[in-house]
Amino acid sequence: MDAHTSAPLVAAHLPRTHPLVTRDYSLFTPAIAQMVESIAGWVDDQVDGATIFGPSRFGKSSAVDHWLQSLLSERHGGYVPMVVWSHTDSGGSQSVGRFHAHLLQASRHPLARAARSPLDRQHMLIERWAELAAQGGGRFLVLVIDEAQGMTQREWMWLVELHSLLDKERVRLCVFSIASLQFFDEPVGMAMSGGAHVAARFMLAAEPFHGVRDVEELKFVMSGYDQGTEWPKGSGLSFTAGLAAEAWEDGFRMADHAEGLLTAMTDELPGKYEGPIEFPMKTVAQASRHVLLRVAGGADPDDVTSPQSWRNIVAGCGHRALMAVVSAVAPRIRHRQAG
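Below is a summary of the structure that appears in this document. (Residues numbered from 1 in each chain as written. Predicted model: local features only at pLDDT ≥ 70, side-chain atom pairs only at ≥ 80, totals over all residues. Heavy atoms only, no water.)

1. Some details on the overall build of the protein
Link 1 in the chain: A tally of regular secondary structure across the protein gives 16 helices and 5 strands.
Link 2 in the chain: The burial tally for the protein puts 51% of its 339 residues in the buried class.
Link 3 in the chain: Taking as baseline every contact in the protein between residues at least 6 positions apart, the subset at least 24 positions apart corresponds to 77%.
Link 4 in the chain: Entry remark: accessible area of the protein is about 15,700 Å², with carbon and sulfur atoms responsible for 51%. (Helix = DSSP H or I, 4+ residues; strand = E, 2+ residues; numbered from the N terminus. Buried < 20%, exposed > 50% of the residue type's maximum accessible area, 1.4 Å probe, protein only. Contact = heavy atoms within 4.5 Å. Areas by Shrake-Rupley, 256 points an atom, 1.4 Å probe, with all protein chains shown as cover.)

2. Here we look at the packing of aromatic side chains
Link 1 in the chain: Per the counting criterion, the structure on display carries 8 aromatic pairs.
Link 2 in the chain: Aromatic side chains Tyr25 and Tyr225 sit 5.9 Å apart centroid to centroid with 65° between the ring planes, which places their arrangement in the edge-to-face category. With Tyr25 in the loop between helix H1 (19-22) and helix H2 (30-44) and Tyr225 in helix H9 (residues 215-227), this residue pair connects regions lying 200 residues apart in the sequence. Across the pair, Tyr225 and Tyr25 agree in class, each one buried.
Link 3 in the chain: Three or more aromatic residues link up through ring pairs in this structure, and these residues are Tyr25, Tyr225 and Phe239. (Phe/Tyr/Trp six-rings, centres within 6.5 Å; stacked < 30°, edge-to-face > 60°.)

3. Topic: the packing of helix H4 (residues 96-106) against helix H6 (residues 153-168)
Link 1 in the chain: For the pair H4 and H6, interaxial distance at closest approach is 11 Å and the crossing angle is 65°. On the basis of the axis angle, H4 is roughly perpendicular to H6. Judged by the sense of rotation from one axis to the other, the crossing of H4 with H6 is right-handed. Between H4, through Val96, Phe99, His100 and Leu103, and H6, the contact on the second element is made entirely by Glu155, Trp158, Leu159 and Leu162. (Axes fitted to C-alpha atoms, helices over the stretch in contact; angles between N-to-C directions. Parallel < 35°, antiparallel > 145°, perpendicular 65-115°, else oblique. Left-handed = near helix turned anticlockwise from the far one by under 90°.)

4. Quick notes on the nonpolar core
Link 1 in the chain: With 67 residues, the main nonpolar core has Ile39, Leu218 and Leu261 as its most contacted residues.
Link 2 in the chain: The contact partners of Leu218, leaving out residues within four places of it in the chain, are Val212, Ala258, Leu261, Leu262, Met265 and Val284.
Link 3 in the chain: Core analysis: the next-biggest nonpolar cluster, separate from the first, contains 30 residues, Val83, Trp129, Trp156 and Phe202 among them. (Core = buried A, V, L, I, M, F, W, Y, C linked by side-chain atoms within 4.5 Å.)

5. Observations concerning the pattern of salt bridges
Link 1 in the chain: According to the stated counting rule, one finds 7 salt bridges in the structure shown.
Link 2 in the chain: Across the pair Arg128 and Glu131 runs a salt bridge, and its minimum N-O distance is 3.4 Å. Of this pair, Arg128 and Glu131 both sit in helix H5 (residues 118-135), 3 residues apart, which is roughly one turn of the helix.
Link 3 in the chain: Judged by its relative accessible area of 39%, Glu131 falls in the partly exposed class.
Link 4 in the chain: Here Arg213 ties to Glu217 by a salt bridge, and the two come within 3.5 Å at their closest N and O atoms.
Link 5 in the chain: Put simply, Glu37, Asp44 and Arg75 are held in one network by salt bridges that share partners. (Salt bridge = Lys/Arg side-chain N within 4 Å of Asp/Glu carboxyl O.)

6. Here we look at H2
Link 1 in the chain: Its 15 residues give H2 an end-to-end C-alpha distance of 21 Å, which sits within 8% of 21 Å, the value for a rise of 1.5 Å per residue.
Link 2 in the chain: Elements that come into contact with the buried residues of H2 comprise strand S1 (49-54), helix H3 (60-76), strand S3 (140-146), strand S4 (172-180) and strand S5 (206-208).
Link 3 in the chain: In the stretch just after H2, Gln46 is the one whose phi turns positive, near 55°. (Expected span 1.5 Å × (residues − 1).)

7. A closer look at the packing of H5 against H6
Link 1 in the chain: At a minimum axis distance of 11 Å, the contact between H5 and H6 shows a crossing angle of 55°. Taken as axis vectors, H5 and H6 run oblique relative to one another. At the point where H5 passes H6, the crossing takes the right-handed sense. Only Glu161, Leu162, Leu165 and Leu166 of H6 make contact with H5, whose side of the interface consists of Gln122, Leu125, Ile126 and Trp129.
Link 2 in the chain: Among the residues forming the contact of H5 with H6, the class breakdown is 6 nonpolar, 1 polar and 1 charged. (Nonpolar A, V, L, I, M, F, W, Y, C, P; charged D, E, K, R; others polar.)

8. Overview of the side chain of Thr305
Link 1 in the chain: Note on placement: Thr305 falls in the loop between helix H14 (301-304) and helix H15 (307-315).
Link 2 in the chain: According to the relative accessible area criterion, Thr305 is buried, its value standing at 12%.
Link 3 in the chain: Within the local environment of Thr305, its side chain forms a polar contact with the backbone oxygen of Pro301, the two atoms lying 2.6 Å apart.
Link 4 in the chain: With near-sequence residues (within four places) excluded, Thr305 lies in contact with Phe252, His257, Val291 and Trp310. (Polar contact = N/O pair within 3.5 Å; in protein donor to acceptor, adjacent residues only side chain to side chain.)

This is how it looks when you write it as structure tokens:
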């Protein structure tokens, strides 16, 4: 074991409220830019629905939680009304009221938890969504369903009903599903769980969410630690400059070590890997955080970023097991695409 790995990862002098310590931050990636561009185009065309799909832990949820609404509003030159719902199972066949309650809560309705009949909750939801659409200065609302691969046929049909009711109110609901690839071979597989009617309404368009594909993309992502982050707010200090001040003064930059991380992630692919050479943000962010915290704790940057150190760190991120899951579904996807 390397000497620097025997010490606690978060050194005693580092502030426990720093976003790097709490992991409360998100790095901008080319995949996020592509997601925003795809959804912006669908909003422009006022489509009823579409799907963004990709493997788990590639950064889809982070893109939705941290970037989508602000970048979409910036792209459209004004506020885009949006409700983001991380799918929660609504239970059995009689739980339409619970389904509406989940959506009311995602819509920040003040009475989301109040006891109401299923019909009352439906009316409350329609009124709330019409109100949100009006706040955007238009007659449309974006609903983003994260973890959409968990949606049941009944839930899709309840959503179709809501969509139709809003149509009668002359409000266009655009439904964008964010779904993990492991649970189905391609978006139409999820669509079929809700039948052709659901597929025709919400899932005629789809785009993949990619991982990090080459060293230039990885360098761009890792440069976020050097120049795309700031803490404390207003300090002008990036994560690298603020946490590892001495190393920063000596010229240490996270972006300069993209090639080392990419090599380690490639070397740590499972045997007979059959998936695309794209890497998950989970590994990128976890490994980069580990290195920066070690350097911030006083470790020698050359030691922490040596080829063997990078490989040990990547191995400790569960990278091989995650990529084995990606590999497992890849042959079926290629077969469908060729068919």
